[in-house]
Amino acid sequence: MPEFQSVRGFHDLYGEELKKFKHVSNLIREKLRVYNFEEIILPVVEYAEVFQRSIGEATDIVQKEMFTFQDRKGRWLALRPEGTAGAVRAYVQNKLYALKPYVKVFYEGPMFRYERPQAGRYRQFHQIGVEVFGSLDPVVDAELIQLVYEILSELGVNVVIEINSIGCKVCRPSYREALVNYLESVEGHLCEVCYDRKDRNPLRVLDCKVPTCKEAVKEAPKMVDYLCQECKDHYSKLKDYLSLLSIPYRENPYLVRGLDYYTKTVFEAVSTDLDITVIAGGRYDYLVEELEGPPTPAVGFAVGLERLSMLLKEIPPEEPLYFVAPFGDVMDYSLAVAKALRLEGRRVELSYRKGGLRKQLEFANKLGARYVVIVGDEEKAGGFYTLKDMETGEQFRIEFSPAM
Ligand code: HAM
């Protein structure tokens with residue numbers, strides 16, 4: 001093993017994995033174009049407080065998973081563990097609300113969380129995040145879920161969309177109280193972590209993967225039974241819109257999220273093959289205010305690009321590769337052929353290695369070339385090249401006069 005290894009949880013993306021990753025990213029970007037989202041490029045580093053305030057002090061992300069460090073003046077900075085907090089900070093700082101009746105942005109880039117690495121879980125991973133600021137209307141939630149559904153359908157992955165409403169400032173406290181009371185009644189069955197968080201962050205207990213906890217919360221009270229009238233109407237309107245749009249979804253009354261800023265709608269797209277969440281989001285109607293902006297309801301989601309690309313079985317084939325193989329003293333002529341083919345928009349590789357026909361065909365195969373463009377003395381003298389189709393074995397003579 002070479003002495004220098006990448007940092008644990010930090011991975012290189014290349015080859016087939018990167019092709020899938022790019023396919024997913026491009027498809028989502030195309031969707032975001034037709035939904036008229038505008039890109040915003042946000043810093044990878046923010047003051048740690050931006051995340052502490054937004055995501056919540058009692059969350060795993062803030063307590064255990066942030067990469068924080070001090071700058072030379074002793075201020076605490078953090079590598080962003082997610083994009084929403086920074087997007088809200090940018091929205092407020094740049095007064096984006098002053099320009100438009102509402103704002104639709106997306107961002108793409110690396111996020112950092114000090115989690116235990118495993119399949120599909122990294123310490124540096126990539127998201128495309130989407131945020132809509134300035135509307136409380138459930139039609140926005142519905143359109144975002146529609147966007148998620150379209151992305152998943154076009155990629156052809158087996159995923160279900162789960163939704164829930166986790167209420168607001170008005171109705172959450174009474175639910176929280178009911179939940180804490182319930183959790184106290186089953187506290188003997190909770191894992192150590194949940195025993196601890198039942199008072200600090202009781203909603204997270206509903207999300208614990210430990211079997212005894214899962215069993216213990218089966219009868220727990222449900223937020224949907226505690227929603228205030230406004231939240232109830234919002235949630236039922238959202239479901240009406242989803243039905244109208246023929247979007248299949250599953251209500252999961254115990255769906256909660258690992259970030260504290262959510263209100264009302266939360267949703268996740270969960271892979272049925274691998275039991276991992278690939279896309280997640282929800283509404284956060286108080287966060288802009290929390291970061292000292294004007295009261296502004298908002299809703300968004302983020303796609304885990306590594307996770308979603310992991311689910312892809314295959315991607316559309318690339319356009320065919322032309323491999324230009326020179327034999328003899330014909331590099332000048334070969335350069336001209338490669339140039340002309342590229343100007344026609346074809347994907348062309350000029351062989352940088354010398355060798356006989358067998359060797360060149362071997363190189364072409366290794367590079368996955370569909371066509372080999374054979375250029376020898378005879379071709380150069382006669383003003384043509386020989387095109388060999390590697391799939392059918394057929395050969396064609398193509399007239400060519402260099403115009404370099
Ligand atoms: P999140 O659920 O923390 O939400 O992350 C969103 C997605 O990022 C996850 O569903 C998953 O696909 C991916 N992800 C998270 N952690 C990792 C990891 N360690 N390795 C690989 N992929 C990971 C948020 O980040 C919110 N900001 C989403 C949002 C936007 N809500 C409203 N607007």
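Rules behind the numbers
- Counting starts from 1 at the beginning of each chain's written sequence and moves along it residue by residue.
- Residues qualify for local features only when their pLDDT is at least 70, as the model is predicted, and side-chain atom pairs are given and counted only at 80 or more; totals for whole chains, interfaces and linings, by contrast, use all residues.
- Computation of side-chain values: all heavy atoms of the structure, hydrogens and water removed.
- Strands here are runs of E lasting at least two residues and helices are runs of H or I lasting at least four, both read from the DSSP assignment and numbered beginning at the N terminus.
- Put simply, the radius of gyration uses C-alpha atoms, and a globule should come to 2.2 Å times the residue count raised to 0.38.
- Burial classification: accessible surface area is computed with a 1.4 Å probe over protein chains only, and a residue below 20% of its type maximum counts as buried, one above 50% as exposed, and the rest as partly exposed.
- Throughout, a residue-residue contact means that at least one pair of heavy atoms, one from each residue, lies within 4.5 Å.
- Note on areas: Shrake-Rupley, 1.4 Å probe, and residue coverage restricted to the protein chains presented here.
- Just so you know, the count uses Lys and Arg for positive and Asp and Glu for negative, and it drops His and the chain ends.
- Each charge is placed at NZ for Lys, CZ for Arg, CG for Asp and CD for Glu.
- Under the pairing criterion, centres of Phe, Tyr and Trp rings, with the six-membered ring standing for Trp, must be within 6.5 Å; the plane angle then separates stacked pairs below 30 degrees from edge-to-face pairs above 60, leaving the rest tilted.
- Pairs of strands are assigned from DSSP output, requiring at least two bridges between the strands.
- Lines fitted to C-alpha atoms define the axes here, with helix axes fitted over just the stretch in contact, and angles between the N-to-C directions of these axes take values from 0 to 180 degrees.
- If even one non-hydrogen atom of a residue comes within 4 Å of a molecule or strand, that residue is called near it.
- Within 3.5 Å is the distance limit for a polar contact, defined as a pair of N or O atoms, with the added protein rule that one can donate a hydrogen and the other accept it, and that residues adjacent in sequence qualify only through two side-chain atoms.
- All amino acids are sorted into three groups, where Ala, Val, Leu, Ile, Met, Phe, Trp, Tyr, Cys and Pro are nonpolar, Asp, Glu, Lys and Arg are charged, and the leftover types, Gly among them, are polar.
- Only residues whose relative accessible area exceeds 30% and that form no salt bridge enter a patch; like-charged residues are grouped when within 9 Å of one another, and nonpolar side chains (Val, Leu, Ile, Met, Phe, Trp, Tyr) when within 5 Å.
- Salt bridges are defined as contacts in which a side-chain nitrogen from Lys or Arg sits within 4 Å of a carboxyl oxygen from Asp or Glu.
- Note: domain ranges come from an automatic or database domain assignment.
- When the strands point away from the viewer, a crossover counts as right-handed if the path from the first strand over the helix to the second runs clockwise.

## Description of the overall build of the protein
Within the protein one finds 14 helices and 16 strands. For a compact globule of 404 residues, the expected C-alpha radius of gyration is about 22 Å, and the protein comes in at 27 Å, more than 25% above that figure. Put simply, the protein has 404 residues, and 50% of those count as buried. A separation threshold of at least 6 residues defines the contact pool for the protein, and within that pool the share at least 24 residues apart is 69%. On the protein, roughly 21,100 Å² of surface is accessible, and the fraction owed to carbon and sulfur atoms is 50%. Across the protein, the 54 positively charged side chains and the 61 negatively charged ones have centroids separated by 3 Å.

## Concerning the packing of aromatic side chains
Enumeration over the complete set of coordinates arrives at 13 aromatic pairs. Measuring from centroid to centroid gives 6.3 Å for F267 and F301, while their planes differ by 65°, and the two rings are edge-to-face. Taken as a pair, F267 in strand β9 (residues 263-271) and F301 in strand β11 (residues 298-304) lie far apart in primary sequence, 34 residues in all. According to the relative accessible area criterion, F301 is buried, its value standing at 3%. Taking 5.6 Å as the distance between ring centres and 75° as the angle between the ring planes, the aromatic pair formed by Y333 and F400 counts as edge-to-face. With Y333 in helix α12 (residues 331-343) and F400 in the segment after β16 (395-399), the pair connects residues that are 67 residues apart, well separated along the chain. A single burial state applies to Y333 and to F400, both of which are buried. Through pairs of rings, three or more aromatic residues link up here, namely Y91, Y97, F133, Y261, Y262 and Y284.

## Describing the sheet that holds β16
Within a sheet, neighbouring strands are paired by backbone hydrogen bonds and run either parallel or antiparallel to one another. Spatially, 5 strands are ordered β13-β12-β14-β15-β16 in an open sheet, and the strand pairing comes out mixed. This sheet does not close on itself; its edge strands, each paired only once, are β13 (347-350) and β16. Sheet twist, expressed as the mean angle between neighbouring strand axes with direction ignored, is 25°. With 4 bridges connecting them, strand β12 (residues 321-326) and β13 associate as parallel partners. Of the residues in β13, the one forming a bridge with L321 is R347. Packed onto the sheet, α12 meets β12, β13, β14 (371-375) and β15 (384-389) and runs at close to 165° relative to β13. Helix α13 (residues 357-366) contacts β12, β14 and β15 of the sheet and is inclined by roughly 155° relative to β12.

## Quick look at unusual backbone geometry
One non-glycine residue, N36, lies in positive phi territory at about 60°. Note that N36 resides in the loop between α1 (15-34) and β1 (38-39). The class of N36 is exposed, set by a relative accessible area of 60%. Of note, the phi angle at D275 is positive, near 55°, even though the residue is not glycine. On the secondary structure map, D275 appears in the loop between β9 and β10 (277-283).

## Some thoughts on the site of the ligand
Contacts to the ligand come from 26 residues, most closely from E82, E115, E131, R257 and Y262. Residue T84 places a side-chain N or O atom 2.8 Å away from a nitrogen atom belonging to the ligand. Protein contacts shield 96% of the accessible area of the ligand, which totals 660 Å² for the unbound molecule. Breaking the shell around the ligand down by element, the ones donating at least two residues are β6 (124-133), β10 and β11. Counting residues per element, the shell around the ligand draws most heavily on β10, which supplies 6 residues. Among the residues forming the shell around the ligand, the class breakdown is 11 nonpolar, 8 polar and 7 charged.

## Some details on a nonpolar patch on the surface
The grouping of V44, V45 and F69 at the surface amounts to a nonpolar patch, some 190 Å² of accessible area in total. With a relative accessible area of 32%, V45 lands in the partly exposed category.

## Thoughts on the side chain of E115
If you trace the backbone, E115 turns up in the loop between β5 (103-112) and β6. Beyond its immediate stretch of four places on either side in the chain, E115 contacts E65, R121 and R123.

## Some remarks on the pattern of salt bridges
It is possible for side chains of opposite charge to pair when their charged atoms get near one another. The final tally for this structure, using the stated rule, is 34 salt bridges. Across the salt bridge formed by E16 and K19, the nearest N and O atoms sit 3.5 Å from each other. With E16 and K19 both in helix α1 and 3 residues apart, the pair spans about one turn of that helix. Overall, the relative accessible area of 54% leaves E16 in the exposed class. The salt bridge involving R397 is made with E399; its shortest N-O contact spans 3.0 Å. Assessed through its relative accessible area of 52%, R397 is described here as exposed. The class of E399 is exposed, set by a relative accessible area of 53%. Several salt bridges share partner residues, and in doing so they unite E16, K19 and E318 into one network.

## Regarding the domain arrangement of the protein
Accessible area lost during the coming together of the parts is what is often quoted as the interface size. For the protein, the assigned domains are domain 1 (15-171 + 227-310) and domain 2 (321-399). The distance between the C-alpha centroids of domain 1 and domain 2 comes to 48 Å.

## Looking at the pairing of β13
Going residue by residue along β13, you find V348 and L350 tucked away on one face and R347 and E349 left uncovered on the opposite face. The handedness of the β12 to β13 crossover, carried by α12, is right-handed.

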